[in-house]
Structures are given as structure tokens and as C-alpha cells.
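One letter stands for each residue in the lines below.
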Amino acid sequence: MKKVKEYINTSVLTKIVIALAVLLTLVALFLVVTKNAPLTAGDGVESGDTCKTVVVVSSGDTLSGLLSKQGLNHNQINEIASVLKSNGITGLRADRDKIEFVRATDADPVNKIVVIPSPWRQVELTCDSAGAWQCNTVEVERNTRAVYKSGVILDGDSFYLAGMRAGIPAGILADVYDLLAFEMDFERDIRAGQHFSVLYEENFASGAHVDNGHVLAVSFDALRGNVKMYRFKKKDGSVGFYDEKGNGAIKSLKRTPINNAKVTSSFTTRRKHPVLGFTRAHKGVDFRAPTGTPIPAAGAGRIVKRGYNSGHGNFVRIRHNGSFETLYAHMSRFAKGIGVGTTVRQGQIIGYSGSTGLSTGPHLHYEIIKDGKHVNPLTVKLPAINNLDSANKAKFLEYRKSLDAGIEYLNAHPNMFIVL
Ligand SMILES: [Zn+2]
């Protein structure tokens, strides 16, 4: 934090850049500063601590077990547990939570415990002179930058490869996939020469990059036209993604439930069946998926069928609303807890791909049924989950213009970022 501030305050060049950016983006909220090399993260050792032990919680650890190992007695453990509980910490998460134990010297008892449930929050317990534990929660100051990455699909590329080459972090790329999957088919819509870009958040603490935040905007030159999506917070505080015109971009169903799965057979009213040998309609789309690939629900809904038939093999059928249903066939097995009547959310794993039923190899056969009729999942018009009312739409369009101006600026100056 300090280092970043100093940097901003002392660099004349940076000040010029800030002024330029404000002018260019027309939004006083955005400041653009020159991108400096990421600083290495300090491990947060405080001066004055003479002895500190850091424990990363591993599977099977309990709070009382860890405290007991540090020499704390039964009464102290109970008191500490109840103080932590009243500060929202009821359990420890393996491989995520860290605990620091501080002593005056090696020979002294623990007089300070710091529980670190996230890089952004620390809960400090200090033993006072009377032996009671006082609690203090520290929120780590977070500085967020918007950074822009763009790339192009090369011959024989997948979007994943091109995205990695463009320097988009894997987690952000996964989010981008999830968003674009509402509009695109990653097998058929990918061509050499297509450009894509993403604006996303990077979170910094004390000048060091800690993690990445949200995807703010995505653009992809799809075959059906340029797909753009923007993250926008409505007046009521709820957040969604919208296209350029402010129409909800999150659809009730995904066209391709498994990200980046190759289409091996498309929807047709007539085709020669690979097993039966005679011509019949293919009422869905087949996606290549090695046995055991998790199959996410294409949309939120309720399981109305889970069973086996000779054609579909193991299959699940979900009712999403009054008019839409989806069906997933040839599963090797169903996910735990998935049965008729189960309510599922979009993206929840309902089963695993396989080759049961009439199938020549492991794949997912996916159907969308609209008002009782099979439709082509890759082309059917899907309803948006969340559309904007006129007041929010006006606000969105204004916001989008300023974001586009910021993106245009960053596109021309790839070493810059926007301070949010
Ligand atoms: Zn099929």
C-alpha cells in the first residue's frame, strides 16, 4: 500500500498519465498509472516479535489440537475458541487458513494468536495482563487495478491456448469461458484470426499482487458477430453481465454445458445413426468428453428424471422453467445427491460422462427441449436471466461508454492499468 502510494505521489510521469487518463476515460473514478514490476510479497513479520510460529492448517487439524500443541491449557483453549466464534470463525479450513503463534521469547507462553482466514482479513487475539484474550479484527487494505489483456487465435489454436499465450491467468480464463459459453460454441466458433480481450481486476496489498478479482468486460469476435459482455452493478447492489445494449448476457441455459468440449455430432432432423445404421434424427448435440468428465447442469432447475434406457443409457433430465428442459445422456454415473426432485443450480455437477446406452464412445449427448419440442442447443434463442429496467439501463449505457473508453486506452497502452 505504502509503496504504491509513494509511487503515485512521486512520479511526475505518472501524474501526467493520470491526467491523460481522466481526460480520456471521462470518468474521474478511474486513474491510470504506469504498470510497475510486481513487488515480491513480504511475509508480514512484524518488528518486535521475537518468536513467531506460522502453522498452515492441514486436513485433520482442529483448533483445540493446534492450540494444545502450542502449550495452551484446556481453559485457555475454550476461551480462545469462544472469542473466535464471536468473531465469525467457527472452524478451520485445511490448506487455506493460517495461524500465527507469537511469544516474547522461545521459553515464554503464547501471548498473541493471529488467525488468517484470507489474505484480506486477520483476526488477532492478544493475551492481556489479567490473562484474558482480547480480539481485534484487521481488514487488510486492498488496492484493485483493472488490467487488460488481449489476444488472437492462431491456426490450430484453442481459445485456452490463445488465452494463456495472451497472459490471462487460468482462473480468469475459466471465468471468461463460463461467460462466453452462454453465447458461443468453442468448437465451431473458433477460427484463426479472431481477436478477444478481457478487462479484469488484480488485487494488491502493500504493493504486492495477492489475487485476481472479477472479470469486468469480455469481448470475442465470434462467427455470429462480436460478443461483448460487461459486469455491472445495479442500483439495488446486485451484479450481472450485460451485452453492449444492456440486455442480460447470463442466459438461463448454456449452449455447451462442458466448457471447451468438441462437438462431435450436431443437431439434425435426419442423420445416419452410427450404431443403428439407419437414418434418424439426432435430437441433440454430442460433445467429446472422456469417461468421468464432470457434467454441469446447463441451468438452474429441478431434476425430473434420472434413470436408464437403452438409447440414452444413464441420463438426467432437468426442468428449468415452464418451457425449457435439458437432457444429458450416456453418463457413466450420476453425481452424489442427484435424484428426481433435486433442485440444482447452474453449473452444479449432475453426473459424469461415459458411453452407456447406444453410444460408440465416451461423450455427452445434450438435448434442449422447448415447450416439448427438441431444439438445436447451439442456435435456439435463450432467455436472459436478468434484464435491466429503464433506469438501470440508462446508468449501464453511461457506465459502458466510460469502460469502453478505458479499454480503448489500455488497448493502445498495454503497460497501463486502471486504479479502481
Ligand atoms: Zn447424441
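Residues numbered from 1 in each chain as written. Predicted model: local features only at pLDDT ≥ 70, side-chain atom pairs only at ≥ 80, totals over all residues.

1. A short note on the overall build of the protein chain
Argument step 1. Counting its regular elements, the protein chain contains 7 helices and 25 strands.
Argument step 2. For the protein chain, the residues scored as buried account for 31% of the 420 residues in total.
Argument step 3. Excluding contacts between residues fewer than 6 apart, the proportion of contacts in the protein chain whose partners are at least 24 apart in sequence is 63%. (Helix = DSSP H or I, 4+ residues; strand = E, 2+ residues; numbered from the N terminus. Buried ≥ 20, exposed ≤ 12 C-beta atoms within 10 Å, placed from the backbone. Contact = placed C-beta atoms within 7 Å.)

2. A few points about the environment of Tyr177
Argument step 1. You can see Tyr177 is positioned in helix α6 (residues 170–180).
Argument step 2. As for Tyr177 and Asn260, which are separated by 83 residues in sequence, their C-alpha atoms are 7.9 Å apart.
Argument step 3. Residues contacting Tyr177, with those up to four places away along its chain left out, are Asn259 and Asn260.

3. Comments concerning unusual backbone geometry
Argument step 1. Within the chain, Asp95 stands out as a residue other than glycine whose phi angle is a positive 65°.
Argument step 2. By secondary structure assignment, the location of Asp95 is in the loop between α4 (74–85) and β3 (98–103).
Argument step 3. One non-glycine residue, His330, lies in positive phi territory at about 70°.
Argument step 4. Inspection of the secondary structure puts His330 in strand β19 (residues 324–331).

4. A few points about the nonpolar core
Argument step 1. Val218 and Met229 are the most contacted members of the largest nonpolar core, which totals 40 residues.
Argument step 2. Apart from the residues within four sequence positions on either side, Val218 is in contact with Val176, Leu179, Leu180, Val198 and Met229.
Argument step 3. With 26 residues, the next largest nonpolar core counts Leu253, Phe287, Ile350 and Tyr352 among its residues. (Core = buried A, V, L, I, M, F, W, Y, C linked by C-beta atoms within 7 Å.)

5. Overview of the pairing of strand β17 (residues 301–309)
Put simply, side chains in a regular strand alternate between the two faces of the sheet.
Argument step 1. With 2 bridges joining them, β17 and strand β21 (residues 343–344) adopt antiparallel strand pairing. Note that in β21 the partner of Gly301 across the bridge is Val344.
Argument step 2. Sheet topology places β17 next to strand β18 (residues 313–319); 7 bridges connect them, and they run antiparallel. Bridge pairing links Arg306 to Val316 in β18. (Pairing = 2+ DSSP bridges.)

6. Quick look at the sheet that holds strand β5 (residues 121–127)
Argument step 1. Across the sheet, which stays open at both edges, the 5 strands sit in the order β2-β3-β4-β5-β6 with antiparallel pairing between neighbours. Edge strands, defined here as strands with exactly one partner in the open sheet, are β2 (51–56) and β6 (133–139). Neighbouring strand axes in the sheet, compared pairwise and without regard to direction, differ in orientation by 15° on average.
Argument step 2. Pairing of β3 with strand β4 (residues 110–118), which is carried by 6 bridges, proceeds in the antiparallel orientation. Paired with Arg103 across the strands is Val110, a residue of β4. (Axes fitted to C-alpha atoms, helices over the stretch in contact; angles between N-to-C directions.)

7. Section: the confidence of the model for the protein chain
Argument step 1. Of all residues in the protein chain, 86% have pLDDT values of 70 or greater, and the mean over the chain is 85.
Argument step 2. In the model, residues 1–47 has pLDDT below 50 throughout and makes 62 contacts with residues more than four positions away in sequence or in other chains. (pLDDT = per-residue confidence, 0-100.)

8. Observations concerning the environment of Gln346
Argument step 1. Inspection of the secondary structure assignment puts Gln346 in the loop between β21 and β22 (349–352).
Argument step 2. The exposure class of Gln346 is buried, given the 20 C-beta atoms found within 10 Å.
Argument step 3. With 89 residues separating them along the chain, Gln346 and Pro257 place their C-alpha atoms 9.4 Å apart.
Argument step 4. Once residues within four sequence positions are removed from consideration, Gln346 is found in contact with Ala297, Gly299 and Ala300.

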